[in-house]
Amino acid sequence: MSELHELDATDQAELLRGGEVSSVELVRHHLDRIDRYAADLGAFVTVTADLALAQAGEADAAIASGAAPAFAGVPTAIKDLTPTAGVPTSMGSAAMRDVVPDTDAYVVDLVRRAGFISLGKTNTPEFGLSSYTDNDLVGPARTPWDLTRNAGGSSGGAAAAVSAGLVPLAQGSDGGGSIRIPASSCGIFGFKPSRGRVSAGPTGSDWSGLGVDGPLTRTVRDAAALLDAMAHAMPGDVRPLPDPDVPFVERARREPGRLRIARWSGTHLDGISPGADAVAAWEQASALLASLGHDVVDIANPFPQELEPQFNVIWSSGIAAAPFPPEAEALLRANTRYWRERGGRASAVDLAGAMRFLEATTRDVVAGLQPFDAFLTPTLALPPQPVEWFNESGDPVEDHHRELLYTPYTGLYNMTGQPAASLPLHWSDDGLPIGVMLATHPGRDGLLFSLCAQVETAAPWSGRRPPGF
């Protein structure tokens with residue numbers, strides 16, 4: 001019989017409903033694993049054990065009464081970028097170490113309404129600015145597959161926690177790849193929804209259209225279930241998508257039909273190419289998709305290099321506008337100060353021009369991709385990298401260059417607003433997870449779940465666990 005932490009959230013929920021385990025037992029089991037492993041992984045910034053156990057007791061009572069939501073009593077975790085009422089939310093920054101919000105993000109409330117119990121706040125780089133996870137609070141998040149290597153970012157703590165079985169699934173957020181990057185580096189499934197699928201409210205902002213919350217899980221069905229909980233338009237949303245007409249869990253049970261899938265492995269950036277492991281994973285996934293009856297067609301990368309500098313104007317402007325008191329500036333990391341200074345040099349005209357360029361250019365790209373149903377690329381160009389690799393030079397410019405060497409693919413789908421997922425289909429010869437990325441057109445999240453579930457059935461991955469965890 002599998003241990004509790006080896007079950008996905010869907011199976012854990014069935015045990016709870018059947019009375020085979022209590023939520024208090026289930027939560028305590030995962031808290032014990034957090035006590036044992038989280039520090040070595042750098043997975044959590046804050047653990048809310050007492051609160052979680054109290055909520056577990058309430059969940060057990062609700063289950064016994066027959067009036068509990070589907071996932072009542074199942075553990076999860078919330079990223080430290082996401083405001084959580086009454087719980088420290090530092091955004092990975094020493095400058096915000098003592099900040100305790102008095103309002104939940106809508107996504108936190110929605111996840112709780114589905115019955116999930118958060119065990120704490122997962123590690124993230126300062127303000128989610130980098131594609132690796134490290135900060136001055138708890139240090140780096142590490143992939144359970146090799147503790148000398150970074151878990152990726154910015155949802156690195158969440159991905160490490162799910163991969164190591166500290167929680168069965170976790171909420172993440174993705175503004176340039178921050179769900180898919182750590183999913184690839186930790187050997188799990190990560191799903192970035194379409195723009196507008198998940199509310200950024202009530203206090204957050206989706207002003208740039210780049211970021212969205214989404215699930216990190218070990219199985220496709222768990223990701224679909226967690227997104228079903230999150231994906232509800234809320235009052236005041238500026239670009240809401242309607243709630244799905246068919247639950248994503250149901251879409252994951254349906255066959256996608258025969259699809260025409262465009263693939264490319266070249267990047268849109270001069271001088272940056274995928275490594276051998278990334279290409280091998282992509283080729284393996286291409287062959288698998290073809291064996292499932294899909295038409296897999298080679299095309300050139302359709303995105304122009306000119307998107308990169310314009311993306312950086314938008315990215316840096318956002319952090320430059322963050323309202324820090326002057327005394328907090330000295331507590332910021334060098335990379336954060338670099339992006340704030342860079343954004344501060346951009347004028348309103350620069351920002352408007354960048355946003356206009358991204359919208360017009362990505363609209364043209366997506367329009368040109370209409371003959372295809374889905375798209376396949378590597379998730380990352382490189383395998384998980386040593387913890388010190390990104391910032392060993394101490395130069396934020398070199399740090400940014402290395403991030404581009406590592407993740408030249410993921411941010412493009414934040415610019416277009418397309419749904420995209422990283423699937424853990426490949427491991428390198430030295431045992432490192434290597435993801436591949438599938439995407440569909442904006443708003444077609446249901447189709448992407450159908451396709452990912454079909455791939456998972458053909459090449460299951462959830463039973464493959466990092467040694468020692």
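Computed from a predicted structure; not experimentally measured.

A.B. asks: Report on helix 12 (residues 348-368), specifying residues and quantitative values.
C.D. replies: With 21 residues, helix 12 extends 30 Å between its outermost C-alpha atoms, agreeing within 8% with the 30 Å of an ideal straight helix rising 1.5 Å per residue. All buried positions along helix 12 are accounted for by Ala 354, Leu 358, Thr 361, Thr 362, Val 365 and Val 366. Considered in projection along helix 12, the buried side chains sweep an arc of 130° and stay on one side of the axis. Opposite the buried face of helix 12, at more than 90 degrees from it, the exposed residues are Ala 348, Val 349, Arg 356 and Asp 364. If you follow the buried residues of helix 12, they end up packed against helix 10 (307-320) and helix 14 (411-416).

A.B. asks: Help me get a handle on the environment of Gly 343, residues and values and all.
C.D. replies: With respect to the element layout, Gly 343 can be found in helix 11 (residues 334-344). Taking the C-alpha atoms as reference points, Gly 343 and Thr 217, separated by 126 residues in sequence, lie 34 Å from one another. With near-sequence residues (within four places) excluded, Gly 343 lies in contact with Ser 316, Ser 317 and Ala 320.

A.B. asks: Got a sec to walk through the sheet that holds strand 1 (residues 44-47)? Specific residues and values, please.
C.D. replies: The sheet built from three strands is open, its strands ordered 1-3-2 with mixed pairing. Each edge of the sheet is formed by a strand with only one pairing partner; in this case those strands are strand 1 and strand 2 (75-79). Each neighbouring strand pair of the sheet contributes to a mean axis angle of 35°, computed without reference to strand direction. Taken strand by strand, helix 2 (residues 23-41) contacts strand 1, strand 2 and strand 3 (117-122), and its axis lies near 15° from that of strand 3.

A.B. asks: Break down the pattern of salt bridges for me, with residues and values.
C.D. replies: Counted under the stated rule, the structure contains 20 salt bridges. Arg 221 is the salt-bridge partner of Asp 8, the closest N and O atoms lying 2.7 Å from each other. Here Asp 8 is found in the segment before helix 1 (9-17), whereas its partner Arg 221 is found in helix 7 (residues 220-230), with 213 residues between them in sequence. What makes Asp 8 buried here is its relative accessible area of 7%. Residue classification places Arg 221 among the partly exposed residues on the basis of a relative accessible area of 34%. Several salt bridges share partner residues, and in doing so they unite Asp 8, Asp 11 and Arg 221 into one network.

A.B. asks: So what's going on with helix 7? Which residues, and what values?
C.D. replies: Here helix 7 lies mainly inside the structure; 10 of its 11 residues are buried. For helix 7, the full list of buried residues reads Val 220, Asp 222, Ala 223, Ala 224, Ala 225, Leu 226, Leu 227, Asp 228, Ala 229 and Met 230.

A.B. asks: Give me the lowdown on the nonpolar core, citing residues and values where you can.
C.D. replies: Core analysis: the largest hydrophobic core is formed by 56 residues, its most contacted members being Phe 116, Phe 189, Leu 423, Leu 438 and Phe 449. Ranked by the residues each element gives to this core, the list is headed by helix 7, at eight residues. Excluding residues within four positions of it along the chain, Leu 423 makes contact with Phe 189, Ile 434, Gly 435, Val 436, Leu 438, Cys 452, Val 455 and Trp 461.

A.B. asks: Tell me about the packing of aromatic side chains, and name the residues and values.
C.D. replies: Following the criterion strictly, the structure yields 16 aromatic pairs and no others. When the ring of Phe 127 is compared with that of Phe 324, the centres are 5.0 Å apart and the planes differ by 65°; the resulting orientation is edge-to-face. In this pair, Phe 127 is assigned in the loop between strand 3 and helix 5 (156-163) and Phe 324 in the loop between helix 10 and helix 11, connecting sequence segments 197 residues apart. Here Phe 324 falls in the buried class, since its relative accessible area comes to 16%. Among the aromatic residues, those joined into a cluster by ring pairs are Phe 189, Phe 191, Phe 248, Phe 449 and Trp 461. Positioned above the aromatic ring of Trp 282 is the side chain of Arg 263, whose terminal nitrogen or guanidinium carbon lies 3.9 Å from the ring centre.

A.B. asks: Which residues make up the environment of Arg 113, and what are the values?
C.D. replies: Topologically, Arg 113 is positioned in helix 4 (residues 106-113). According to the relative accessible area criterion, Arg 113 is exposed, its value standing at 54%. Contacts of Arg 113, omitting those with residues within four sequence positions, involve Pro 69 and Met 234. Within polar-contact distance, the side chain of Arg 113 engages the side chain of Asp 109 at 2.8 Å.

A.B. asks: Break down the side chain of Thr 84 for me, with residues and values.
C.D. replies: Tracing the backbone through its elements, the reader meets Thr 84 in the loop between strand 2 and helix 4. Here Lys 121 takes part through its side chain, which lies 3.3 Å from a polar atom of the side chain of Thr 84. Here Thr 84 is in contact with Ile 78, Thr 89, Pro 101, Thr 103, Asp 104, Val 108 and Lys 121, once residues within four sequence places are set aside.

A.B. asks: With reference to specific residues and values, describe the side chain of Thr 10.
C.D. replies: By the secondary structure assignment, Thr 10 is in helix 1. Side-chain polar atoms of Thr 10 contact the side chain of Asp 222, separated by 2.6 Å. The contacts of Thr 10, once residues within four sequence positions are left out, are Phe 71, Arg 221 and Asp 222.

Conventions adopted
- Throughout, a residue's number is its position along its own chain's written sequence, starting from 1.
- Reporting of local features is limited, given that this is a predicted model, to residues whose pLDDT is at least 70; pairs of side-chain atoms are given and counted only at 80 or more, and all residues count toward the totals for whole chains, interfaces and linings.
- Excluding hydrogens and water, the side-chain values take into account all heavy atoms of the structure.
- A helix here means a DSSP run of H or I that spans at least four residues, while a strand means a run of E at least two residues long, and both kinds are numbered starting from the N terminus.
- For a helix, the expected span equals 1.5 Å multiplied by the residue count minus one.
- Any residue under 20% of the maximum accessible area for its type is buried, any over 50% is exposed, and the rest in between are partly exposed; the area is computed with a 1.4 Å probe on protein chains only.
- What the arc covers is the set of directions going from the helix axis to the C-beta atoms.
- What makes two residues a contact is simply this: any of their non-hydrogen atoms within 4.5 Å.
- Strands were regarded as paired on the criterion that DSSP finds at least two bridges between them.
- Axis definition: a line fit to C-alpha positions, over the contact stretch in the case of helices; interaxial angles, taken between N-to-C directions, run 0 to 180 degrees.
- Just to be clear on terms, a salt bridge is a Lys or Arg side-chain nitrogen sitting within 4 Å of an Asp or Glu carboxyl oxygen.
- What makes a nonpolar core is a set of buried Ala, Val, Leu, Ile, Met, Phe, Trp, Tyr and Cys residues whose side-chain atoms join them at distances within 4.5 Å.
- When the centres of two rings from Phe, Tyr and Trp lie within 6.5 Å, Trp using its six-membered ring, the rings pair. Their planes under 30 degrees apart give stacked, over 60 give edge-to-face, and anything left gives tilted.
- Here, over-ring charges are defined by two tests on the NZ atom of lysine or the CZ atom of arginine: distance to the ring centre within 6 Å, and angle to the ring normal within 35 degrees.
- Here a polar contact means two N or O atoms within 3.5 Å. Within protein one must be a hydrogen donor candidate and the other an acceptor candidate, and residues neighboring in sequence count only if both atoms are side-chain atoms.

As far as function goes, none of this settles anything; it's purely spatial.
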